[in-house]
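Chain and residue survey
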Amino acid sequence: MREDKSFRGACWVILILSLVVALPAWSGQPPFPNELKYPNIIKPDYQFGTYGTKPGQFIDPMGVAFDTKGLMYLVDSGNSRVQVLGADGTALRSWGRNGTGPGQFVAPLDIAIDNAGNLFVVDTGNDRIQVFGPDGTFLRQWGKHGSAPGQFSNPRSVSVGGDRVFVADTDNQRVQVFDRNSRFLFEYGSFGTESGQFNDPVAVTVDEAGFSYVCDHLNNRIEKFDPQGKFVDTWGKYGSHSGLMATPSDVSYQGGRVFVADLINHRIQVFDPQGNFLFQFGRHPNAPHEGNGRLHYPHAVAANPSGKSVVVCEPFENRCQVFSKGDIQLAKSVDDSAWWDKATRFHYGTTAATAANYLCVAEPDTHAILLFDISQDRPQLIRRFGGHGDEPGKFKSPEGVAIDLEHHRLFAADMGHNRIQIFSLEPTKEGDYMASFGEAGTGPGQFHKPGTMKLDKDGNLYLLDVGNSRVQVFDKDLRFIRAFGSFGRGEGQFNMPSDLAFDRQGKTLFVLDSYNYRVEAFDKDGNFLFTWGGPGSGNDQFIWPYGLEAGKDGFVYVSDAGAQRVQKFDEKGRFLDSFGSFGSDVGQFYKPKGIAMSDRGILYVLDFGNHRGQMLDPHSGKGRLRPKSAGDVTASTSGGSFIGEWGIGELQQMGKPADEKPRMRVAGLQFGAGLAVFAAVGLIGLRWLRKPRPL
Amino acid sequence: MTGVSPCRAMPLAVVLAAACTLAACDWRSIGVAAVGSTPSGREASIASRPLYLAHQRLSSYGRFIVLYHPFPDPIPVNESFDIEVVVRDARDRLRAVPDVTLGINAEMSSHSHGMNVKPIVTRTSPDTFKVEGMMLHMPGQWTLNVDLTHAGITERAVFDVVLQ
C-alpha cells in the first residue's frame, strides 16, 4: 500500500515535470530569442496574421487603431477591407471590397476612431475619407482628387482629436483639419525642409490638448503644431542612433507618449510630447520572417487607450505584434548603429533596368543605386552610386533607373529631391557623378516624385512623373520635349503609375497604372492606344501591380507585389501565362517588385520580401506548376523556369548570428526532452493501470 | 664667327617653344582681359600667381572650365580661408556664363564628414565667384566640390586638396 502511494506520487511528479518541460515547446509560438546582446528586443504578448485573403489573413496591413473596448480595427490594404480583431488577435468581422462606391476601397492606408466609436478610413486610392459606424455601416464620405481645401492627393493618414479630424494630405504636402461634419477648418504645411514644412507628411496624430504631431517621412523627423496649426517644435534627423530616424512611417500619441514607427531602422521609438527620447524597441530580424520582437519594416503603431498594450503592424510580413506597455517600458536605450552600416547592400528595392551586360537596381533603403555585371552566370556587383544626402550625387529614396549605353551614363530618379541624377558608367578620377536636373513643381522639367524611366531608340528619356500623374519626355541633351497624362481613371489618365517600357519595335509605350490596376498603351507622342487589366487575383487582373518590362522578346511582363506573381502578356495585352506564388522557395516570390529582361532573354525579378533577386527563363515553362485556381492567390506553384538567384548569400553573411543555431538547438532539445518524459510517464501510467489492485 | 650653331640653337628653341606653350595654356591670364573685368585687388593677385593645372577642371557634364585659388595659399589647417572660383564656358574658354550659379562644399571621404561651416558665395564679376568662410578642420585628403547649375542642370567640378 505504501509502495503504491509512493509510486503514484512519483508518477505525479514526473507528469508535472514533463508538462513544465514540454508545454513551452508545444505552445505553437516559435521559441523566443534569448537576446541578451540586444535588450531592445522585447517579447511580444502575441503576434497574428499571415499572407492571404481569409479572415485573420492580410495583404499589407497598413493602418491600425484601438477602440475603447480594446478591439483592433485594421486596414487590410491589399484586400481592400477593414478587419476587426479581438484583443487576442482573433478575427471577428470585416467589410469592404475593391471599388470606388461607398464602402469600397482602393489602397486604404489608415484608420482612426472617435469617441463615439465611429471609424474614419483614409481611402487613399480614391482620395477621400469614408466614415463608418462602429458596426461598419457606411455613414458618409468626403474629398476628391485635387489641391483645393477639402480635396486630397494621395492622403495617407487620419486622426481624430476632440471635435476635429486631421488628415495628412501627403502629396499636397499639408495637413488639413476638418470638423466632425467634414467641414474644412484650416490647413498647415508646405513642401520644404524648413520648420513647419514637409517632404511627405505620411502620418498625423493628436494629443488631448489638440497639439498635432506629423511624421515628416523624407525629412526624417517629427513636427509638432499647436491647435491652430502653428509650428511649435521638431525633432529627429537622418540616422540610426536613439532619437534619429530613417524614413519614419507613422506617429501615434497615447497617454503622454509619442510612438514613432521608424521604418528603415526597423524599430519603434518613444518620445515624450516635448520630443525627448524615452526608449526604443525592435530590431531588424536575423532569420527570414522571424517576428517575436524582431520588427521588419514596422509601418504602423497604435497604443491601446487602456494603456496596457501597443500594436505594431508590419505590412512587409503581413503580420502585427502586440506588446505589453509594461514590457516595452523596461527596454533599455540601445544606442548602436542601425543595420545598414553592417549590411552594405542586398535590400534590393523597387526598380531594375538592363542594358548589354549591365543590370542596375535601385535600393531606396540605403539610398543607393547598385550596378551589376550580368555577363556571368550570377550578377556581380561592380559599382555603387549615391548614399543618403542632399548634395549632388546623393539620394533621398532613389526610385527609377535607366542605362544610356551610347553616352556611357546612368540615369537615376532621386524621388525625395525631385530630381534626376546622372552618373558615369565608367569611373573617373573625379568620381561618378555627372549632372542632375529637375526640381519640385508641376511645370516642364519639374517633378513630383519622379519614378521609373526608359530610353527610346532615339535616346529620348521617357520619365514617369508619378505625383503629377504624367510622363515627361526629354531629348538626349536633357531638353524638355513634351508631357502627357493627367490624374484620373479615364483613357490616358493615371493614378499612381509605377513603371513603363517600350515594345520591341520601340513604337508603343506601356505604362503600368497601379491604383487603376491596369496597363495603358501609348504611341511615342503620348496618344492613348489601348488598355488592359483590372482589380483582382484572376488572370489579367492585379492586386498591387508594381513592375513592368517589355521590348526584348516581344512580350510584356508585369510583377504583382500583392498577388506574388509575374504575369506574361503579348504586346496587344492578351494574357499568356502566370508564374510564381507566395513563398521563399525558388520560383516563389515575396512582394516581387522591379523587373527587367536582359538581352539574353533572362528575366530578373527583384524578390523584395525575400531580399534577393531571381533569374527566370520565362519561355521554358519546364516543370512549372500552375495555380490551383485562377482566384487562389496562395496557390502553390514551383516556378520551374527558375535559373538562379543572387543576394541570398550576402544576406546570410549580413545577418545569421552565431547564437542562432544554439538557440534552435535549445528549442529542439527542449521539445525532445519534453516528448521523452511524456512518453515515459505514459508507459509508467499504463503499467500502473494494468497492475492488479488489492480489493 | 660668333653666331650660334644650329645644333646648339635647337635645344634653346625647344625650351622657348615649351615656355610659350605653357604660357598659352594659362588661359586664366588671357580670360580675365577677354571678359573685360578689371583685375584689381585679389583678381590681380590671382592673375599674377603661378597657376597649376591641379587648380583647373572640366566639370562633370563637360559644360564648364573651373579654376580656383585659395587665400591664403597654401590652405591652412583649421583656420578660415577664402576661395576665388572662375567659371568659363568649356567650348569657348574666353566666355563667361552669365546665368550659372555656384555651390561649394568640401568633404573628407575617408572620414565620412564634411566641413563644420557653411561658406558664403558671392559673384564678383561675370566669371568670378568669391567664397568666404571656408574651413578644413583637420589635415589629410579633402575633396573640394564645386557645384554649378545652369539651365536647370547641375554639374560638379572636383578638386583634391591635401593638407599637411
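A quick note: this is a predicted structure, and the numbers were derived from the prediction, not measured. (Residues numbered from 1 in each chain as written. Chains lettered and ligands numbered in written order. Predicted model: local features only at pLDDT ≥ 70, side-chain atom pairs only at ≥ 80, totals over all residues. Heavy atoms only, no water.)

Some words on the overall build of chain A
This is how it is decided: A run of DSSP states H or I qualifies as a helix once it reaches four residues; a run of E qualifies as a strand once it reaches two. Both are numbered from the N-terminal end. Here's how the labels work: a residue is buried when its accessible area is under 20% of the maximum for its type, exposed when over 50%, partly exposed in between, all with a 1.4 Å probe on protein chains only.
Within chain A one finds five helices and 56 strands. Across the 695 residues that make up chain A, the buried fraction comes to 61%.

Side note on the state of the cysteines
Residue and element names in this part refer to chain A. Here is the rule we go by: Pairs of cysteine sulfur atoms within 2.5 Å are what we label disulfides.
Overall, the coordinates contain one disulfide over all chains when judged by the stated rule. A disulfide bridge connects Cys-313 with Cys-320, and the sulfur atoms are separated by 2.4 Å. Looking along the S-S bond of the Cys-313-Cys-320 disulfide, the torsion reads about 95 degrees, which is the right-handed sense. Both residues of the pair, Cys-313 and Cys-320, belong to the buried class.

Here's the deal with the interface of chain B and chain A
Counted only if it meets this: Contact definition: two residues touch when any of their heavy atoms are within 4.5 Å. Once two parts are joined, some of their accessible surface, as seen by a 1.4 Å probe, is lost; buried area is that loss totalled over both. A side-chain nitrogen of Lys or Arg and a carboxyl oxygen of Asp or Glu constitute a salt bridge if their distance falls within 4 Å. For the purposes of these results, a polar contact is taken to be a pair of N or O atoms within 3.5 Å, where, inside protein, one atom must be able to donate a hydrogen and its partner to accept one; residues adjacent in sequence count only when each atom of the pair is a side-chain atom. Asp, Glu, Lys and Arg are counted as charged, while Ala, Val, Leu, Ile, Met, Phe, Trp, Tyr, Cys and Pro are counted as nonpolar; the rest, among them Gly, fall into the polar class. Two strands are counted as paired when DSSP detects at least two bridges linking them.
Chain B puts 13 residues into the contact, and the matching count from chain A is 15 residues. Three residues, Tyr61(B), Thr154(B) and Arg156(B), lead the burial of chain B against chain A; their summed loss comes to 42% of the area buried on that side. One can count one salt bridge joining chain B with chain A. Taking the shortest distance from any N to any O, the salt bridge between Glu391(A) and Arg156(B) comes out at 3.3 Å. Linking chain B with chain A are six residue pairs in polar contact (both at pLDDT 80 or more), by the criterion used here. Elements that contribute at least two residues to the side of chain B that touches chain A include exactly strand 4 (101–108), strand 8 (140–150) and strand 9 (153–163) of chain B. A total of five residues in the side of chain B that touches chain A trace back to one element, the largest contributor, which is strand 9 of chain B. Grouping the amino acids of the side of chain B that touches chain A by side-chain chemistry returns three nonpolar, five polar and five charged. Where strand 36 (residues 433–437) of chain A and strand 9 of chain B come together, three bridges link them in antiparallel fashion. Bridging across to strand 9 of chain B, Phe437(A) finds its partner in Ile153(B).

Quick look at the pairing of strand 18 (residues 201–206) of chain A
All names here are of chain A. Strand 18 sits mainly inside the fold: six of its six residues count as buried. Relative to strand 19 (residues 212–216), strand 18 runs antiparallel, the two being bridged by five bridges. Note on strand 19: the bridge partner recorded for Val-204 is Val-214. What sits between the antiparallel neighbours strand 18 and strand 19 is a turn of five residues, in which Gly-210 has the positive phi angle 90 degrees.

A short note on the pattern of salt bridges
Residue and element names in this part refer to chain A. This structure, assessed with the given rule, holds 35 salt bridges over all chains. Of the charged contacts in the structure, one is a salt bridge between Asp-458 and Lys-524, with a shortest N-O distance of 3.4 Å. Of this pair, Asp-458 sits in the loop between strand 39 (450–455) and strand 40 (461–465) while Lys-524 is found in the loop between strand 47 (518–523) and strand 48 (528–533), placing the two residues 66 residues apart along the sequence. You can call Asp-458 partly exposed: its relative accessible area is 46%. The structure contains a network of salt bridges with shared partners spanning Asp-169, Arg-174 and Glu-187.

What about unusual backbone geometry?
With omega at 0 degrees, the peptide bond leading from Phe71(B) into Pro72(B) counts as cis. On the secondary structure map, Pro72(B) appears in the loop between strand 2 (64–71) and strand 3 (81–89). With omega at 10 degrees, the peptide bond leading from Asp73(B) into Pro74(B) counts as cis. The phi dihedral of Asn418(A) is positive, around 50 degrees, even though this residue is not glycine. Structurally, Asn418(A) is set in the loop between strand 34 (409–414) and strand 35 (419–424). By relative accessible area, which is 4% here, Asn418(A) ends up buried.

Points about the nonpolar core
Selection rule: Nonpolar cores were defined as sets of buried Ala, Val, Leu, Ile, Met, Phe, Trp, Tyr and Cys residues, with membership established by side-chain atoms within 4.5 Å.
One finds Ile83(B), Val85(B), Leu102(B), Leu136(B), Leu144(B) and Val146(B) to be the most contacted residues of the largest nonpolar core, which totals 27 residues. When contributions to this core are tallied by element, the ones reaching two or more residues are strand 2, strand 3, strand 4, strand 7 (128–134), strand 8 and strand 9 of chain B. Ala413(A), Ile422(A), Ala435(A) and Phe447(A) belong to the second largest nonpolar core, which has 16 residues in total.

A short note on the sheet that holds strand 19 of chain A
Residues and elements named next belong to chain A. Rules: For helices, the fitted axis covers only the stretch in contact; all axes are lines through C-alpha atoms, and the angles between them, taken along N-to-C directions, range from 0 to 180 degrees.
Reading across from one edge, 18-19-20-21 is the order of the four strands in this open sheet, with antiparallel pairing throughout. Either end of the sheet is taken by a strand with one partner, and the two such strands are strand 18 and strand 21 (231–235). Here the strands of the sheet are splayed against their neighbours by 20 degrees on average, with no regard to which way each runs. Pairing of strand 19 with strand 20 (residues 221–225) involves five bridges; the strand directions are antiparallel. The partner of Cys-215 across the bridge, within strand 20, is Ile-222.

Concerning the environment of Gly416(A)
Residue and element names in this part refer to chain A. Topologically, Gly-416 is positioned in the loop between strand 34 and strand 35. Overall, the relative accessible area of 2% leaves Gly-416 in the buried class. Each C-alpha atom, one on Gly-416 and one on Leu-218, is 6.4 Å from the other, the two residues being 198 residues apart in sequence. Contacts of Gly-416, omitting those with residues within four sequence positions, involve Asn-199, Leu-218, Lys-396 and Ser-397.

So, the environment of Lys449(A)
All names here are of chain A. Relative to the helices and strands, Lys-449 resides in the loop between strand 38 (446–447) and strand 39. In this structure the C-alpha to C-alpha distance between Lys-449 and His-611, which are 162 residues apart in sequence, comes to 24 Å. Excluding its chain neighbours within four sequence positions, the residues that come into contact with Lys-449 are Asn-154, Thr-170, Asp-171, Asp-200, Met-415, Asn-418, Leu-464, Asp-465, Val-466 and Gly-467.

Focus on the sheet that holds strand 3 of chain B
Residues and elements named next belong to chain B. Overall, antiparallel pairing links the five strands, which are arranged 1-2-3-7-6 in an open sheet. Looking at which strands have only one partner, the edges of the open sheet turn out to be strand 1 (56–58) and strand 6 (120–125). Neighbour-to-neighbour, the strand axes of the sheet open up by a mean angle of 25 degrees, direction not taken into account. Inspection of the sheet shows strand 6 paired to strand 7 by five bridges, in the antiparallel sense. The residue bridging Arg-123 from the neighbouring strand is Phe-129, located in strand 7.

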